[in-house]
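Overview (structure and organization)
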Amino acid sequence: MLWPSIALLTFVTLQRLAELIHAQRNTAALLAQGGREIAPGHYPYMVAMHTAWLVSLWLLAAGRPVSPVWFVIFMVLQSLRIWVLATLKGRWTTRIIVLPGAPLVTSGPYRFLSHPNYAVVIGEIAVLPLTFGLPLHAAVFSLLNAAILTIRIRAENAALDQAMA
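Quick notes on the rules
- Residues numbered from 1 in each chain as written.
- Predicted model: local features only at pLDDT ≥ 70, side-chain atom pairs only at ≥ 80, totals over all residues.
- Heavy atoms only, no water.
- Axes fitted to C-alpha atoms, helices over the stretch in contact; angles between N-to-C directions.
- Helix = DSSP H or I, 4+ residues; strand = E, 2+ residues; numbered from the N terminus.
- Parallel < 35°, antiparallel > 145°, perpendicular 65-115°, else oblique.
- Left-handed = near helix turned anticlockwise from the far one by under 90°.
- Contact = heavy atoms within 4.5 Å.
- Buried < 20%, exposed > 50% of the residue type's maximum accessible area, 1.4 Å probe, protein only.

The next thing to look at is the packing of helix H2 (residues 43-61) against helix H4 (residues 116-131). Running from N to C, H2 and H4 cross one another at 20°; their axes reach a closest spacing of 11 Å. One way to sum up the angle between H2 and H4 is to call them roughly parallel. Seen along the crossing, H2 lies across H4 with a hand that is left-handed. Note on element contacts: H4 touches H2 through Val121, Glu124, Ile125, Leu128 and Pro129, opposite Met49, His50, Trp53 and Leu57.

What follows is the structure in structure tokens.
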């Protein structure tokens, strides 16, 4: 059955493209308000990894069966993603932007985790391939994502510590 996998991959692709547009608007607005980008050097690698993850899913998963259990887990992650976006509003971006004088967000999922958006992404990178029965794909991209997030979270934490000092 081809259409469930195509529908899910189309949903994720359109979601990611919409988020990039949303992030670009938010980034431009934050920079216009005096925000500054921190540690942009890793960003092209992050984009390349996410692009490779999605393109390789299109190549490997189109036409594969969709596991109902993993699909439900993926959809729970999507609700958490929406919660993060709704909490951050105009401060959500795919880049590390520090807005001087702005308080840290401590509401929504940020009451429970320092980086809930990254927790969602970690889950998505693993769960979507598992939804299509691709555990090796999940493992490889989870390792690549872990390497990038190690750099990113260190840079973001240092920038936030400096901004709050």
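Our focus in this paragraph is the side chain of Asn145. Along the chain, Asn145 falls in helix H5 (residues 135-164). A relative accessible area of 3% means that Asn145 is categorised as buried. When neighbours within four sequence positions are excluded, Asn145 is seen to be in contact with Met49, His50, Val121, Ile122 and Ile125.

On their own, these measurements won't tell you what the molecule is for.
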